[in-house]
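Residue-level listing of the chains:
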Amino acid sequence: MSDEQRFDLLILGGGMSYVGAIRAAQLGLKVGLVERDRLGGTCLNRGCIPSKALLETADLLHRVTEQGAEFGLAGSDGVSLDYAALAKRRDAVVEKHVKGVEFLMKKNNVTVLRGQGTLTGPTSVRVSGGESGDVEASATDLILATGSAPRTLPGLEIDGERIITSDEALRRNDVPGRVTIVGAGAIGVEWASMYRDFGAGVNLVEFLDRVVPLEDADVSKELHRVFRKRGIAIHTAATIDPATIERLEGGVHFAIKANSGDRVTEVTSDIILVAVGRRPLTDGIGLEAIDGVEMERGYVKVNGYMQTGVPHLYAIGDIVPGYALAHVASHEALVAVETIAGHHPEPVRMDLMPRVTFCRPQIASVGMTEAEATEAGHTVKVGSFPFRALGKATIVGEVDGFAKLVADADTGRLLGAHVIGPHAGDLLPEPTFALLVEGTAAEMAMSVHAHPTLPEVLAEAAMAVDGAAIHV
Ligand SMILES: Cc1cc2nc3c(=O)[nH]c(=O)nc-3n(C[C@H](O)[C@H](O)[C@H](O)COP(=O)(O)OP(=O)(O)OC[C@H]3O[C@@H](n4cnc5c(N)ncnc54)[C@H](O)[C@@H]3O)c2cc1C
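The model shown is predicted, which means the values in this text are computed figures rather than measured ones. (Residues numbered from 1 in each chain as written. Predicted model: local features only at pLDDT ≥ 70, side-chain atom pairs only at ≥ 80, totals over all residues. Heavy atoms only, no water.)

Just give me the short version of the packing of helix α3 (residues 48-67) against helix α6 (residues 186-197), but keep the residues and values in it.
A packed helix pair is summarised by two numbers, namely the angle formed by the two axes and the spacing between the axes. Running from amino to carboxyl end, α3 crosses α6 at an angle of 45 degrees, the nearest separation of the two axes being 9 Å. Considered as vectors, α3 and α6 are oriented oblique to each other. Helix-helix and strand crossings are classified by hand; for α3 and α6 the assignment is left-handed. Every residue of α6 that contacts α3 at Ser51, Lys52, Leu54, Leu55, Ala58, Asp59, Leu61 and His62 is listed here: Glu190, Trp191, Met194 and Asp197. (Axes fitted to C-alpha atoms, helices over the stretch in contact; angles between N-to-C directions. Helix = DSSP H or I, 4+ residues; strand = E, 2+ residues; numbered from the N terminus. Parallel < 35°, antiparallel > 145°, perpendicular 65-115°, else oblique. Left-handed = near helix turned anticlockwise from the far one by under 90°. Contact = heavy atoms within 4.5 Å.)

Take a look at the structure:
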């Protein structure tokens, strides 16, 4: 026998949607959240939080062992990694934040229904197999937020041991000696950077002709240069030939083939880490039985208010087209909830979403690349400024990279910002806000930046747009 529960809002999937659940509760809605696993989803359990906890140590280790002596820390070159202790910290950081979300659900009277959820209609769900028992739940509105899982490539079947994804990599409690990473997107380059700092030999294989292929071409070039300097072997315009994969006792042997066919590199690695993107989890949740939901390559199509074609049915996060990022998902959840509550939020705009990749040097971008702006019909003017010429970067001891601003040549309006270098992610709010208010590069230059700080790189890049950078 199943219980029946009635809500104002049901949310299927308890990842970043939890932010929307809290806002809905604040607005007086009775909220039910269906989750089959731990609250917080990919970001908290298998994504942003554990991976950045590991990257923080990678950064610390690099700074202490490679720069410590120069910074006056005697004996620092003898410091070594205790991965077991790091894994303990990684898990503690995750635990703290998962518990935090559980606490926030209780505090806001959000009912968490534990188990596998399946749609029985556009605004009703059957929950089964979890600790909440079998529950039929319905609501006035429903938000789909079932998230995503790692993709792989034909012939690179994940066995969890020799051929793995970020899911398994995050559960490992040791550092492999030799790693080959397939895919030089955000997740791939973060692992390449981290494993290299932890002392592994790293091969990075990318099918397209440059690393971080979604970033501005100058950023790709700079990351390639620094990664090579750090001893990472980069194979662009290349793939692992699946026919050559041979699992050995202590590793895996294979050939990396250039797309042009003129180069083959034989490699033996402890593991292959496949980082070729994510697929939306929209199979088997009952969507096929709902008329009117438009799908595209497995993604749920929505408008700027996250509405599907079916009244009262919304979708957010990694299952909708756009950037698969945590802050994008939570922003979408807020816009969906405000719409449900009858408010009139601004629609979600993918062109205003900031992106950060936490490799070293860090990469941050918002808006259009130079090539995208040109393709969109703008006559562009560009300003770049190197961290090498910035006082604060010398003090920090990280001088690789630059800030590059792309502006419309006729109006001066900022179109995009691209930073590679120290704390690049922390520099994004300024250009993100400038894009929101349709500001110009000249206005960014006019706004005084405190000295000595890293954001000064943006002021100089803004001045460089009009050929007026000072320190070059
Ligand atoms: C290694 C890695 C690093 C990342 N780093 C960053 C980063 O630094 N910054 C950033 O912004 N983003 C990062 N991301 C991306 C970020 O994690 C995702 O964009 C974000 O988690 C998406 O949120 P979501 O709510 O759409 O999906 P998810 O977080 O995946 O949540 C979906 C939830 O739905 C549940 N679920 C699915 N189906 C059902 C069902 N039928 N019944 C019940 N429950 C169900 C799942 O168990 C899951 O908990 C990273 C991702 C990875 C893999």
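Talk me through the packing of aromatic side chains; I want residue IDs and the actual numbers.
Under the defined criterion, the tally for this structure stands at 2 aromatic pairs. Aromatic pair Tyr83 and Phe198: ring centres 5.8 Å apart, planes at 85 degrees, arrangement edge-to-face. Here the residue Tyr83 occupies a position in helix α4 (residues 83-107), and Phe198 occupies one in the loop between α6 and β10 (201-206), the gap between them amounting to 115 residues. When sorted by exposure, Tyr83 lands in the same class as Phe198, which is buried. Consider the rings of Trp191 and Tyr195, whose centres lie 5.4 Å apart with planes at 40 degrees: the pair is tilted. Of this pair, Trp191 and Tyr195 both sit in helix α6, 4 residues apart, which is roughly one turn of that helix. We note that Trp191, like Tyr195, is buried. The cationic tip of Lys30 hangs over the ring face of Phe7; the distance from NZ or CZ to the ring centre is 5.1 Å. (Phe/Tyr/Trp six-rings, centres within 6.5 Å; stacked < 30°, edge-to-face > 60°. Buried < 20%, exposed > 50% of the residue type's maximum accessible area, 1.4 Å probe, protein only. Lys NZ or Arg CZ within 6 Å of the ring centre and 35° of its normal.)

Describe the packing of helix α1 (residues 18-26) against helix α8 (residues 326-340), and please don't skip the residues or the numbers.
Here α1 crosses α8 at 30 degrees, and the two axes come no closer than 7 Å. Looking at the two axes, α1 sits roughly parallel to α8. Taken as a pair, α1 and α8 cross one another with a handedness that is right-handed. Between α1 and α8, the contacting residues are Val19, Gly20, Arg23 and Ala24 on the first element and Ser330, Ala333, Leu334, Val337 and Glu338 on the second. Class assignment of the residues belonging to the contact of α1 with α8 gives a composition of 5 nonpolar, 2 polar and 2 charged. (Nonpolar A, V, L, I, M, F, W, Y, C, P; charged D, E, K, R; others polar.)

Tell me what's going on with empty space enclosed by the protein, and back it up with residues and numbers.
Throughout the structure, instances matching the rule amount to 1 cavity of 30 Å³ or more. Its residues assigned to classes, the lining of the largest cavity shows 6 nonpolar, 3 polar and 1 charged. (1 Å grid on protein atoms, 1.4 Å probe; cavity = no way out; pocket = protein on both sides within 12 Å on 5 of 7 lines; lining within 4 Å. Points joined across faces, edges and corners; volume = space filled by probe spheres on them.)

Explain a nonpolar patch on the surface to me, using residue names and the numbers behind them.
A contiguous nonpolar surface patch, about 310 Å² in accessible area, is contributed by Phe433, Leu436 and Val437. Along the chain, Val437 falls in the loop between α11 (429-436) and α12 (441-446). The partly exposed category is assigned to Val437, whose relative accessible area is 48%. (Patch = residues over 30% accessible without salt bridge, like charges linked within 9 Å, V, L, I, M, F, W, Y side chains within 5 Å. Areas by Shrake-Rupley, 256 points an atom, 1.4 Å probe, with all protein chains shown as cover. Salt bridge = Lys/Arg side-chain N within 4 Å of Asp/Glu carboxyl O.)

Help me get a handle on the nonpolar core, residues and values and all.
Leu10, Met105, Ile143 and Leu144 are the most contacted members of the largest nonpolar core, which has 56 residues in total. The element contributing the most residues to this core is α8, with 8 residues. By size, the runner-up hydrophobic cluster in this structure holds 35 residues, among which are Ala169, Tyr195, Cys359 and Ile420. (Core = buried A, V, L, I, M, F, W, Y, C linked by side-chain atoms within 4.5 Å.)

Any chance you could break down the pattern of salt bridges for me, citing the residues and the numbers?
If you walk through the whole model with that rule in mind, you get 27 salt bridges. Residue Glu190 pairs with Lys52 through a salt bridge whose shortest N-O separation is 2.8 Å. Of this pair, Glu190 sits in helix α6 while Lys52 sits in helix α3, and the two are 138 residues apart along the sequence. On the basis of relative accessible area, Glu190 is assigned to the buried category, the value being 7%. The class of Lys52 is partly exposed, set by a relative accessible area of 24%. With a shortest N-O distance of 3.9 Å, Asp59 and Arg360 are connected by a salt bridge.

Give a description of helix α13 (residues 456-465) that names residues and reports values.
Among the 10 residues that make up α13, 9 are buried, leaving the element largely enclosed by the rest of the structure. Turning to α13, its buried residues are Glu456, Val457, Leu458, Ala459, Glu460, Ala461, Ala462, Ala464 and Val465. Elements in contact with the buried residues of α13: β22 (380-386), β23 (402-408), β24 (414-420), α11 and α12. Backbone geometry just after α13 places Gly467 at a positive phi near 70 degrees.

Can you tell me about the sheet that holds strand β14 (residues 264-269), naming the residues and giving the values?
If you walk across this open sheet you meet the 3 strands as β12-β13-β14, and the pairing is antiparallel. The open sheet has two free edges, formed respectively by β12 (238-247) and β14, since each of these has just one partner strand. Strand-to-strand twist of the sheet, defined as the mean angle between neighbouring strand axes without regard to direction, takes the value 25 degrees. Relative to strand β13 (residues 252-258), β12 runs antiparallel, the two being bridged by 6 bridges. For Asp241, the partnering residue across the bridge sits in β13 and is Ala255. (Pairing = 2+ DSSP bridges.)

Give me the site of the ligand: which residues, what numbers.
What surrounds the ligand is a group of 37 residues, the closest being Glu35, Thr42, Lys52, Gly117 and Asp318. A distance of 3.1 Å separates a nitrogen atom of the ligand from a polar side-chain atom of Gln116. At 3.3 Å, a side-chain N or O of His327 approaches an oxygen atom of the ligand. When contributions to the shell around the ligand are tallied by element, the ones reaching two or more residues are β2 (31-35), α2 (41-46), α3, β4 (116-121) and α8. Ranked by residues supplied to the shell around the ligand, first place goes to α2 with 4 residues. (Near = heavy atom within 4 Å. Polar contact = N/O pair within 3.5 Å; in protein donor to acceptor, adjacent residues only side chain to side chain.)

Can you explain the pairing of β4? Please cite residues and give values.
Taken residue by residue, a regular strand's side chains alternate between the two faces of the sheet. Examined bridge by bridge, β4 and strand β5 (residues 124-128) share 5 bridges and lie antiparallel to one another. Bridging across to β5, Gly117 finds its partner in Val127. Taking the residues between adjacent antiparallel strands as the criterion, β4 and β5 are bridged by 2 residues.

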